[in-house]
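Now for the letters of each chain:
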Amino acid sequence: MRFSLLIRHLTVGLGALGVGSVFWLGRLNWDPEMRLWRAVGDASLVLLVVALAAGPMARLWSGACPLLGWRRETGIWFGVLAAVHSALVWHGWARWDVPRPSWGMSSSPSSVASLVSSPALESLT
Ligand code: HEM
């Protein structure tokens, strides 16, 4: 691996760690396990938004052009964090089980939580 490529990946990886840490530190009263996988998911989503928004932003505002050169590393780290997030959810929380009501997603009213706890799904289990 070329040295500059390594530096670029280290830069984006450390940036992602910083973003994840902000989310992690913002919820110190949460269960440690859930706090970790949610922070990793949040950092992953931020990287995805940056990677996708860089192109349109550079079109609209020339000040965003330097972001264009970082899209590859940002996209790669998005994928890495999303995979880690998924693994942490499945392994640490869902215990390799299929979605069922006892997953207990009570802390946010997201569509995923509503789906998993819906009476329609409950009747299938
Ligand atoms: C593109 C890949 C993914 C991204 C960017 C992503 C990102 C996120 C984000 C930002 C959250 C909210 C975290 C918070 O509340 O602070 C979240 C929640 C969650 N994610 Fe992911 N995620 C991805 C893939 C997955 C996959 C594959 C699974 C399944 C294994 C999964 C399971 C969950 C669950 C169960 C929640 C909690 C939902 C709730 O409480 O309502 N995610 N994810």
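Residues numbered from 1 in each chain as written. Predicted model: local features only at pLDDT ≥ 70, side-chain atom pairs only at ≥ 80, totals over all residues.

**Considering the packing of helix 2 (residues 32–60) against helix 3 (residues 71–93)**
Piece 1. Across the interface, helix 2 lies against helix 3 with an axial gap of 8 Å and an inter-helix angle of 155°. Taken together, the axes of helix 2 and helix 3 lie roughly antiparallel to each other. Handedness of the helix 2/helix 3 crossing: left-handed. (Axes fitted to C-alpha atoms, helices over the stretch in contact; angles between N-to-C directions. Helix = DSSP H or I, 4+ residues; strand = E, 2+ residues; numbered from the N terminus. Parallel < 35°, antiparallel > 145°, perpendicular 65-115°, else oblique. Left-handed = near helix turned anticlockwise from the far one by under 90°.)

**Some words on the nonpolar core**
Piece 1. Membership of the largest hydrophobic core is limited to twelve residues, which are Val12, Ala16, Ala39, Val40, Ala43, Leu47, Val50, Ala51, Ala54, Trp77, Phe78 and Leu81.
Piece 2. A per-element tally of this core places helix 2 first, with seven residues.
Piece 3. Dropping the residues within four chain positions of it, phenylalanine 78 is found in contact with Ser44, Leu47, Leu48 and Ala51. (Core = buried A, V, L, I, M, F, W, Y, C linked by C-beta atoms within 7 Å. Buried ≥ 20, exposed ≤ 12 C-beta atoms within 10 Å, placed from the backbone. Contact = placed C-beta atoms within 7 Å.)

**What about unusual backbone geometry?**
Piece 1. Positive phi values are uncommon outside glycine, yet arginine 95 reaches one of about 55°.
Piece 2. With respect to the helices and strands, the residue arginine 95 is situated in the loop between helix 3 and helix 4 (111–116).
Piece 3. The class of arginine 95 is exposed, set by 8 C-beta atoms lying within 10 Å.

**Some thoughts on helix 1 (residues 3–25)**
Piece 1. Over its 23 residues, helix 1 extends 32 Å from the first C-alpha to the last, a length consistent with the 33 Å expected when each residue adds 1.5 Å.
Piece 2. Those residues of helix 1 lying buried are Val12, Ala16 and Gly20.
Piece 3. Tucked into the core, helix 1 has its buried residues touching helix 2 and helix 3. (Expected span 1.5 Å × (residues − 1).)

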